[in-house]
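Listed below, chain by chain, are the residues.
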Amino acid sequence: MIVLLLVDQANAIAKEGKQILFIPEDLDHFRKMTTGQIVIMGRKTFENTGKLPNRTNIVLTSNPLDEEEDLYFVKTLEELFSLLEDVDSEKKVFCIGGVTLIQSLWGCLDSAYLTRVHTIIEGADRFIPDLQKEGDWILEKETPLTQKPYKSTIEYWRRKKVTE
Ligand SMILES: NC(=O)c1ccc[n+]([C@@H]2O[C@H](COP(=O)([O-])OP(=O)(O)OC[C@H]3O[C@@H](n4cnc5c(N)ncnc54)[C@H](OP(=O)(O)O)[C@@H]3O)[C@@H](O)[C@H]2O)c1
């Protein structure tokens, strides 16, 4: 499973219930990476994004809404993994946040695309772990984006295999 997020230099992803900021190039990157694939999100993130078009959307929540085409609700990780077995196995599976869901799925993540914005968002209140400090992640690639409105870089991290 791949995690895909925009973070600041302190690994913040959200402030007062909203993503810390939006960068057009990051939105393009997000769309290119996830179109045609599977996106998994927590209920609070779903409330912000709604159903993303041209993707299989799966939402974790204790209060499922009515399902529709390409929109599924699951109450537990067991239900999530069962559903993933039923959907197209050729598709990539992206965990797109938020922090609560990422914490639940932490052990299942094998790679991460972090759009790192080179700033600190004052008052941010939701953070992911620092992959550098976790010890079992390797920063494989860094791709700079244009420098507006902030200097930012797409970091590609891969979790070490047990044999490495
Ligand atoms: N920077 C970024 O790239 C980025 C990306 C995504 C989100 N965000 C931001 O992150 C914030 C939301 O993050 P969050 O951590 O507060 O919420 P979240 O993970 O999006 O949603 C939390 C909710 O998801 C459900 N959930 C999560 N894990 C579950 C599990 N293992 N089993 C069952 N249900 C589970 C629960 O829903 P119920 O309460 O319904 O049971 C839980 O209250 C928003 O501000 C959003 O804008 C930022």
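Scroll up to find the structure this text is about.
In this report, we go over the structure that sits alongside the text. Just so we're clear, the structure is a prediction, and the values are computed from it rather than from any experiment.

### A short note on the sheet that holds strand E11 (residues 152-159)
- As summarised here, the arrangement of the eight strands in space is E6-E5-E4-E7-E1-E8-E11-E10, forming an open sheet in which the pairing is mixed. Only two strands of the sheet have a single neighbouring strand rather than two, namely strand E6 (71-74) and strand E10 (137-144). Within this sheet the neighbouring strands show an average axis-to-axis angle of 25°, counted without direction.
- Here strand E4 (residues 38-42) runs beside strand E5 (residues 56-60); their pairing, made up of five bridges, is parallel. Across the sheet, the residue bridging to Ile-40 is Ile-58, located in E5.

### Comments concerning the site of the ligand
- Close to the ligand lie 25 residues, the nearest being Leu-6, Arg-43, Thr-45, Thr-61 and Ser-62.
- At a separation of 3.2 Å, an oxygen atom of the ligand approaches a polar backbone atom of Lys-44.
- Here an oxygen atom of the ligand sits 3.4 Å away from a polar atom, N or O, in the main chain of Leu-60.
- Relative to its unbound accessible surface of 920 Å², the ligand loses 85% to contact with the protein.

### What about the sheet that holds strand E2 (residues 12-15)?
- Ordered in space as E3-E2-E9, the three strands form an open sheet in which the pairing is antiparallel. The open sheet has two edge strands, strand E3 (18-19) and strand E9 (126-127), and neither has a second partner.
- Here two bridges tie E2 to E9, and the two strands are oriented antiparallel to one another. What sits directly across from Ala-14, in E9, is Arg-126.

### Describing the pattern of salt bridges
- Applying the stated criterion across every chain yields a total of six salt bridges.
- As a salt-bridge pair, Glu-68 and Lys-51 come within 3.3 Å of each other at their nearest N and O atoms. Of this pair, Glu-68 sits in the loop between E5 and E6 while Lys-51 is found in the loop between helix H2 (43-49) and E5, placing the two residues 17 residues apart along the sequence.
- For the salt bridge of Glu-140 with Arg-158, the shortest nitrogen-to-oxygen distance reads 3.2 Å. In this pair, Glu-140 sits in strand E10 while Arg-158 sits in strand E11, placing the two residues 18 residues apart along the sequence.
- A residue is classified by how much of its surface remains accessible, and Glu-140, at 44% relative accessible area, is partly exposed.
- Among the residues examined, Arg-158 registers a relative accessible area of 16% and is labelled buried.

### Digging into helix H1 (residues 24-34)
- Taken together, the buried positions of H1 are Asp-26, His-29, Phe-30 and Thr-34. Projection of H1 onto a plane perpendicular to its axis shows the buried side chains occupying an angular sector of 110°, all on one side. The exposed set on the far side of H1, more than 90 degrees from its buried face, consists of Pro-24 and Lys-32.
- If you follow the buried residues of H1, they end up packed against strand E1 (2-7), E3, E4, strand E7 (93-95), strand E8 (111-117) and E11.
- Directly beyond the C-terminal end of H1, a positive phi value near 80° is found at Gly-36.

The rules behind the values
- Residues numbered from 1 in each chain as written.
- Predicted model: local features only at pLDDT ≥ 70, side-chain atom pairs only at ≥ 80, totals over all residues.
- Heavy atoms only, no water.
- Pairing = 2+ DSSP bridges.
- Helix = DSSP H or I, 4+ residues; strand = E, 2+ residues; numbered from the N terminus.
- Axes fitted to C-alpha atoms, helices over the stretch in contact; angles between N-to-C directions.
- Near = heavy atom within 4 Å.
- Polar contact = N/O pair within 3.5 Å; in protein donor to acceptor, adjacent residues only side chain to side chain.
- Areas by Shrake-Rupley, 256 points an atom, 1.4 Å probe, with all protein chains shown as cover.
- Salt bridge = Lys/Arg side-chain N within 4 Å of Asp/Glu carboxyl O.
- Buried < 20%, exposed > 50% of the residue type's maximum accessible area, 1.4 Å probe, protein only.
- Arc of directions from axis to C-beta.
- Contact = heavy atoms within 4.5 Å.

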